[in-house]
Amino acid sequence: RDAVAAVLFGQGVAQVRKPGPLVIDISAIKPAQARDRARRLAEQGCAHLDAPVSGGAVGAEAGTLAIMAGGDAADFARAQPVFAPLGR
């Protein structure tokens, strides 16, 4: 079950927000799911980054997670303040 999609679209979170948000999805999903999620969010005026992480709880606590982000370069730049304390 895709919990992130259920929250974003099933519970309507993507529709109840201020204009221009950036959704950063750190779950591990298939590329087709990420593209579909990005398309659906774009239709609602939201930007999207697919950004799964590697490093586990130890990496999260140490701020050394490996973040593999996919999406628009400008959106990646917007996310830097979020990513910086988490890892690289």
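One can find the structure itself at the top, above this paragraph.
We now turn to the structure provided with this report. Remember, predicted model here, so these are calculated numbers, not experimental data.

**Focus on the packing of aromatic side chains**
By convention here, two paired aromatic rings are described through the distance between centres and the angle between planes. Under the definition given, this model contains one aromatic pair. Here the aromatic rings of phenylalanine 76 and phenylalanine 83 are separated by 5.8 Å at their centres, their planes lie at 40 degrees, and the arrangement is tilted. Overall, phenylalanine 76 belongs to the partly exposed group, its relative accessible area being 37%. For arginine 40, the ring lying beneath its charged end belongs to phenylalanine 9, and the centroid distance is 3.8 Å.

**Overview of the pattern of salt bridges**
One pass over the full model with this rule turns up six salt bridges. Close ionic contact of aspartate 36 with arginine 39 constitutes a salt bridge, the shortest N to O distance being 2.7 Å. Separated by three residues within a single helix, aspartate 36 and arginine 39 lie in helix H2 (residues 31-43), roughly one turn from each other. Note on aspartate 36: relative accessible area 31%, which makes it partly exposed. The partner of glutamate 43 in a salt bridge is arginine 39, and the shortest N-O contact between them spans 2.9 Å. Highlighted residues: glutamate 43 and arginine 39, both in helix H2, separated by four residues, approximately one helical turn. The exposed category is assigned to glutamate 43, whose relative accessible area is 59%.

Conventions used here
Residues numbered from 1 in each chain as written. Predicted model: local features only at pLDDT ≥ 70, side-chain atom pairs only at ≥ 80, totals over all residues. Heavy atoms only, no water. Phe/Tyr/Trp six-rings, centres within 6.5 Å; stacked < 30°, edge-to-face > 60°. Buried < 20%, exposed > 50% of the residue type's maximum accessible area, 1.4 Å probe, protein only. Lys NZ or Arg CZ within 6 Å of the ring centre and 35° of its normal. Salt bridge = Lys/Arg side-chain N within 4 Å of Asp/Glu carboxyl O. Helix = DSSP H or I, 4+ residues; strand = E, 2+ residues; numbered from the N terminus.

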